[in-house]
Amino acid sequence: MVDYHAANQSYQYGPSSAGNGAGGGGSMGDYMAQEDDWDRDLLLDPAWEKQQRKTFTAWCNSHLRKAGTQIENIDEDFRDGLKLMLLLEVISGERLPKPERGKMRVHKINNVNKALDFIASKGVKLVSIGAEEIVDGNAKMTLGMIWTIILRFAIQDISVEETSAKEGLLLWCQRKTAPYKNVNVQNFHISWKDGLAFNALIHRHRPELIEYDKLRKDDPVTNLNNAFEVAEKYLDIPKMLDAEDIVNTARPDEKAIMTYVSSFYHAFSGAQKAETAANRICKVLAVNQENEHLMEDYEKLASDLLEWIRRTIPWLEDRVPQKTIQEMQQKLEDFRDYRRVHKPPKVQEKCQLEINFNTLQTKLRLSNRPAFMPSEGKMVSDINNGWQHLEQAEKGYEEWLLNEIRRLERLDHLAEKFRQKASIHEAWTDGKEAMLKHRDYETATLSDIKALIRKHEAFESDLAAHQDRVEQIAAIAQELNELDYYDSHNVNTRCQKICDQWDALGSLTHSRREALEKTEKQLEAIDQLHLEYAKRAAPFNNWMESAMEDLQDMFIVHTIEEIEVQQLVPKRDHALLEEQSKQQSNEHLRRQFASQANVVGPWIQTKMEEIGRISIEMNGTLEDQLSHLKQYERSIVDYKPNLDLLEQQHQLIQEALIFDNKHTNYTMEHIRVGWEQLLTTIARTINEVENQILTRDAKGISQEQMQEFRASFNHFDKDHGGALGPEEFKACLISLGYDVENDRQKQTGSMDSDDFRALLISTGYSLGEAEFNRIMSLVDPNHSGLVTFQAFIDFMSRETTDTDTADQVIASFKVLAGDKNFITAEELRRELPPDQAEYCIARMAPYQGPDAVPGALDYKSFSTALYGESDL
């Protein structure tokens, strides 16, 4: 049996060794050395003894009731040692040696000694307290022993800013009550007499329980009773003192007050632990909710964008031609409207989608969450593929539109040419059929016949000359048919009519010649008969023939055609002048567009190069770079009117059906693509710098470390594309201290070392083939074959991050659950804000453990799911 009797006449409390005690042990010994404790030769002040009995009894019962028992008389009920041992088991959570159940004095002494031995094992040095005195019911020794237990198990672990237990408890009280009027806690006796300090402690932590402003300093009994009753009813703190005992004592017992106040501390420190746990959980859930919101936004934006692409591509792939050039020009105008109005917001959405994705992945990495994997078909690469298909369809559609307009322009030209030639031919043939059918030769004389024959021969020559025009008309009609001219039916009908008429004219011409030649022979025979008569009438005949010749000459001079030719000449001159004016206007439009395009194109290219230099050269801090980039973004937005002007000039060119421009190498398509790339690049670069700032701040990376990472990355980014291939990335890692070939890491000396790199090396990375493949899966989760600078610095700095872990969240849930392996919906709703409580309830699976109760929820699997499998 341990000898608890020592030469020193005052008992001391304090840990002699580390034992199982928590912090504050050494200072507690100092505090106890200053206490005026019980002395064998002195009696306790009766009032203090009364207060200690009540307080210590209530304190003991607050713990014993957890084991289903209590004490009535503190002197008597601990004498056999059984309830004393039970009390120690309850408050320590440990098992003591099996007690002896005998009724003899020796059994009782042995049990008390087992309890005292346990107390001593906790680093408590007991002086002047022996088992026999407890068994004999010595009130002073019993109260001293209970006070020792209270100090060790209820007060010793209280420490605020490395103070001793008593000072820590006092400092805690002072801080909690500092805002309250009429409260000035300086000690554990008279500072508590008016009851306001007790009420202030409760109000500070549970303001809904106390109406502090209604309390009066001159009514201490009411104040004390109010605090004690509220504490008992709502805080599970038993009433340890009567208000009258405190008020009617000049100086309340310090140990009783400390014991009472320590119960408040533990009640509220438990709440503080729960609050801390709840705050951690709320923080983690807030991060998850924000990330889920970003994921939902990404999914929705990706779905909307892909749906728009899905709807738009068929429209762009629709190649059904229109009948007229006006209808095709309307299609071209609709396409311009698509380029001006509908597509630009989608370009912004696509850019924002990529920015959101990169920001989300950065936040997930910073919060130790697994990378976000979008739904199938909604990866950034899927959207890029869809966008590429869209732009291919767009380019093909514009080319088709312009080709169709060219085709229809040619068709219109051919159709107009057909109509002109057909009209000229029809005008020429007008009356010719009637003329050929005319039987004027039946009444004609021989000279008339000869004149008609000469006229007919002239007509035959004219007819032969018109053969080419008829063939041209037929050829144009054939070409219109081959080019699928919309009005081919009318063209064919008219052409057929012309051909049929031409055949009829040929047949009629042949018949008239035969009739004229037959009539000529007949008249020549008659003329022979009249020859003699003619000789006699020669003068008259000569005059007659002369008159007839004159008349005949006037009839066959083709005067109408000659007049028509004279009229066509000025018309042709006018058409040539119009065409010259048109070509001059077209040339002006070409030069105007080229002049603007030759300025805008190089400006875009220059800005792209400047942005690339800003992001690569790392001049100044990240904030400087961000500010510089945003200035560039503003300058780019301010330049937009120049692009709008170029669009207007391009529209005039298209309306004028101009399809080439020798004055510039820039097309409007090139300018548009360059502009969209510029907007996307500046937005993406700004986002990259913002994410780098997030990473730097979260992981404590210095500007020098960031510059070293950038310098190494840039060195291996040979094409300045802003990403490293697998081999380049591996070489970059080697330059920073990894021995890839030998499957171990070492300092290569190729770059300056620093504490950060030393930390990375100390983490034990290994870069054999398998290890490198694993790292590639981290830095390139989408398997694009490229490592961005953001992914690179995330990987290089991820070991330095102090982030919440699944184990920490599990521990926090366990606090809220009261150390249970499960938690209930009621507990979640009580401890967490409503939205986060419902978030957990909706996602937690039912708990399946052996200690499950109805409604039990599994917080462990939920916490693990928040973080996914650990990457490193």
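Up top you'll find the structure we're talking about.
Everything quoted here is computed from the prediction, not taken from an experiment.

1. Some remarks on the pattern of salt bridges
Argument step 1. With the rule as written, the count across this model stands at 56 salt bridges.
Argument step 2. For the salt bridge of Asp 245 with Lys 50, the shortest nitrogen-to-oxygen distance reads 3.3 Å. With Asp 245 in helix H10 (residues 243-247) and Lys 50 in helix H2 (residues 46-64), the pair connects residues that are 195 residues apart, well separated along the chain.
Argument step 3. Where Arg 513 meets Glu 460, a salt bridge forms, and the shortest distance between an N and an O atom there is 2.8 Å. Of this pair, Arg 513 sits in helix H16 (residues 488-529) while Glu 460 is found in helix H15 (residues 446-482), placing the two residues 53 residues apart along the sequence.

2. Focus: the nonpolar core
Argument step 1. Core analysis: the biggest nonpolar cluster contains 76 residues, and Ile 149, Trp 192, Phe 198, Ile 202 and Phe 264 have the highest contact counts within it.
Argument step 2. Among the elements that take part in this core, helix H6 (residues 139-155) stands out by supplying 11 residues, more than any other.
Argument step 3. Formed by 46 residues, the second largest nonpolar core is a distinct cluster that contains Tyr 632, Leu 646, Ile 658 and Leu 678.

3. Focus: the environment of Asn 642
Argument step 1. With respect to the secondary-structure elements, Asn 642 resides in helix H21 (residues 640-655).
Argument step 2. In this structure Asn 642 comes out as partly exposed when scored by relative accessible area, which is 27%.
Argument step 3. Asn 642 sits 45 residues away from Ala 597 along the chain, and the two C-alpha atoms are 9.4 Å apart.
Argument step 4. Not counting residues within four places of it along the chain, the set of residues in contact with Asn 642 comprises Gln 596 and Val 600.

4. Some thoughts on the packing of aromatic side chains
Argument step 1. Under the definition given, this model contains 33 aromatic pairs.
Argument step 2. For the ring pair Phe 188 and Trp 192, a centre distance of 6.4 Å and an interplane angle of 5 degrees mean the geometry is stacked. With respect to burial, Phe 188 and Trp 192 carry one shared label: buried.
Argument step 3. Taken together, a centroid distance of 5.8 Å and an interplanar angle of 40 degrees make the contact between Tyr 260 and Phe 264 tilted. Separated by 4 residues within a single helix, Tyr 260 and Phe 264 lie in helix H11 (residues 254-317), roughly one turn from each other.

5. Looking at the packing of helix H13 (residues 380-429) against H15
Argument step 1. At a closest axis distance of 10 Å, the pairing of H13 and H15 adopts a crossing angle of 155 degrees. It follows that H13 is roughly antiparallel to H15 by the angle criterion. With respect to the hand of their crossing, H13 and H15 are arranged in left-handed fashion. Residues Arg 410, Leu 411, Leu 414, Ala 415, Lys 417, Phe 418, Lys 421, Ala 422, Ile 424, His 425 and Trp 428 of H13 pack against Phe 459, Asp 462, Leu 463, His 466, Arg 469, Val 470, Gln 472, Ile 473, Ile 476, Ala 477, Glu 479 and Leu 480 of H15.
Argument step 2. Grouping the constituent residues of the contact of H13 with H15 by class yields 14 nonpolar, 3 polar and 6 charged.

6. With respect to helix H31 (residues 859-867)
Argument step 1. Of the residues making up H31, those classed as buried are Tyr 859, Phe 862, Ser 863, Leu 866 and Tyr 867. Taken around the axis of H31, the buried residues stretch over an arc of 135 degrees, which confines them to a single face.
Argument step 2. Where H31 begins, one side-chain oxygen reaches toward the backbone nitrogen of Lys 860, 3.1 Å away; that side chain belongs to Asp 858.
Argument step 3. Two residues or fewer after H31 comes Gly 868, characterised by a positive phi angle close to 70 degrees.

7. Focus: the packing of H2 against helix H3 (residues 82-92)
Argument step 1. Running from amino to carboxyl end, H2 crosses H3 at an angle of 65 degrees, the nearest separation of the two axes being 9 Å. Considering the angle they form, H2 stands roughly perpendicular to H3. Remark: the crossing between H2 and H3 carries left-handed chirality. Contact residues: Trp 59, Cys 60, His 63 and Leu 64 in H2; Lys 83, Leu 86, Leu 87, Val 90 and Ile 91 in H3.
Argument step 2. Split by residue class, the contact of H2 with H3 holds 7 nonpolar, 1 polar and 1 charged.

Quick notes on the rules
- Residues numbered from 1 in each chain as written.
- Predicted model: local features only at pLDDT ≥ 70, side-chain atom pairs only at ≥ 80, totals over all residues.
- Heavy atoms only, no water.
- Salt bridge = Lys/Arg side-chain N within 4 Å of Asp/Glu carboxyl O.
- Helix = DSSP H or I, 4+ residues; strand = E, 2+ residues; numbered from the N terminus.
- Core = buried A, V, L, I, M, F, W, Y, C linked by side-chain atoms within 4.5 Å.
- Buried < 20%, exposed > 50% of the residue type's maximum accessible area, 1.4 Å probe, protein only.
- Contact = heavy atoms within 4.5 Å.
- Phe/Tyr/Trp six-rings, centres within 6.5 Å; stacked < 30°, edge-to-face > 60°.
- Axes fitted to C-alpha atoms, helices over the stretch in contact; angles between N-to-C directions.
- Parallel < 35°, antiparallel > 145°, perpendicular 65-115°, else oblique.
- Left-handed = near helix turned anticlockwise from the far one by under 90°.
- Nonpolar A, V, L, I, M, F, W, Y, C, P; charged D, E, K, R; others polar.
- Arc of directions from axis to C-beta.
- Polar contact = N/O pair within 3.5 Å; in protein donor to acceptor, adjacent residues only side chain to side chain.

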